[in-house]
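Survey of secondary and tertiary structure
If you want the building blocks of each chain, they are given just below.
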Amino acid sequence: MEDSNWSRGACSLFLIAFCIQDRAHGEVLIVDAAGGGDYRQINQALHNSSDGDTIVVRSGTYASFPIFNRHVSVVADFGADVVVQGYSAVVDLEAHKQVLLSGLKVYAQEPIDYGLYLLDNQGAVRVQNCVLVGDNGENGNCDSNAPAEDGGTALFVRDCGDVALTECSIAGGTGGYGDLGYCRQPGGQGGVGLYAESSEVALYGCTIRGGWGGTADCPEPGDGGTGMHLQGSTVMASGWSIIGGHGGDECIVCGCCGDGGDGVDVDSASTIRLLDTPVAGGEKGYSYLQTCSHGSAFTGTGTIIQLGGTARLFACEGPAIESGSVQMSFEGEAGDSVYLATSAR
């Protein structure tokens, strides 16, 4: 009972904080790939930003961007389709600072396999309405003796004390195809959806999935990626789902296929609390002889706490700029109360 009350209270406070930011007054910088703003790239705006600034990004395709110890918001403009081909990162954030990422679609590409990389952050990192996808592994090549690569991790978190995400889609990258030539390579493993080490993470209304295993013939296709892998971490997940990746399929009738990825792998030093969040292993790959197996929902020796009740969700589209408006949506049960704090600049 104590855990259930704690989770519901944490959820309410978190959801309000996402829509209303108590931030130092700063400038608004406009990023437009077509040239209609202050900068053409997110990274350029960050380089010229100060603590408290908000970077509004219009529709377009953008390069990777890291944020180093900067109190800043990077948000997609209202209705904008913002695609980042590369990685995003928040590193070395001091305790009194906060970063908000909102409305971004990040598709990792080599040389960095992560969609979002969070490292050594004492301050708060908030992510809402984002798509994070790990890099797809390179296909194998017999002629160059290059093996099929594993898919990349979508969200990597290490040594971070306050990370929270809402309404996000998180998926590990697909393993590379094994070359079907004379060397008969195995397929790459699917990427991990969320990897957390020595961190505290809260997830509300997020879907997390391991990547697909790479297709191959004998010796074997790749296994599906783990949905969530925890080492020495604490996670609260409320609403939607965590699923292991689909195992790799065979290309030719050979009787081999990849196992489905596990849903959540929890080591002995980790705890995960789940409220209205189904967890499932990934499906096994296809094979004529079906020699592989589905993934498990849970693996490891850590603590798993299933909380009673129904998840409450509160989302707002944004940002609202100048005299604009913003739409908010609430999901709960009859009799619930919704409290919204407001402020003006």
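A brief structural summary. Not measured: the values here are computed from a predicted model. (Residues numbered from 1 in each chain as written. Predicted model: local features only at pLDDT ≥ 70, side-chain atom pairs only at ≥ 80, totals over all residues. Heavy atoms only, no water.)

Observations regarding the overall build of the chain
Formally: Secondary structure follows DSSP: runs of H or I at least 4 residues long count as helices, runs of E at least 2 residues long count as strands, and numbering of each begins at the N terminus. We call a residue buried when its accessible area falls under 20% of the maximum for its residue type, exposed when it is over 50%, and partly exposed in between, using a 1.4 Å probe and counting protein chains only. Contact definition: two residues touch when any of their heavy atoms are within 4.5 Å. Residue burial considers only the protein chains on display, and all accessible areas are found by Shrake-Rupley using a 1.4 Å probe.
Summing up its helical and strand segments, the chain has two helices and 26 strands in all. Buried residues in the chain amount to 50% of all 345 residues. When contacts within the chain are restricted to residue pairs at least 6 apart in sequence, long-range pairs at least 24 apart make up 70% of them. With an accessible surface of roughly 15,300 Å², the chain has 47% of that area assigned to carbon and sulfur atoms.

Section: the pattern of salt bridges
The condition is simple: Should a side-chain nitrogen of Lys or Arg be within 4 Å of a carboxyl oxygen of Asp or Glu, the pair is scored as a salt bridge.
Applying the stated criterion across every chain yields a total of eight salt bridges. Ionic pairing is found between lysine 97 and aspartate 51, a salt bridge with its closest N-O pair at 3.2 Å. Taken together, the positions of lysine 97 in the loop between β7 (88-91) and β8 (98-102) and aspartate 51 in the loop between α2 (42-47) and β2 (53-57) put the pair 46 residues apart, joining distant regions of the chain. The residue aspartate 162 makes a salt bridge to arginine 126 at a minimum N-O spacing of 3.0 Å. Here the residue aspartate 162 occupies a position in the loop between β13 (155-160) and β14 (163-166), and arginine 126 occupies one in strand β11 (residues 124-128), the gap between them amounting to 36 residues. Residues participating in the shared-partner salt-bridge network are Asp51, Arg70 and Lys97.

Things to note about the pairing of strand β5 (residues 72-76)
Rule in force here: Each pair of strands is called paired provided DSSP finds at least two bridges between the two strands.
Most of β5 is tucked away, with five of its five residues classed as buried. Two strands pair when backbone bridges link them, and β2 and β5 are joined in this way by five bridges, in the parallel orientation. Looking across to β5, one finds that threonine 54 is bridged to serine 73.

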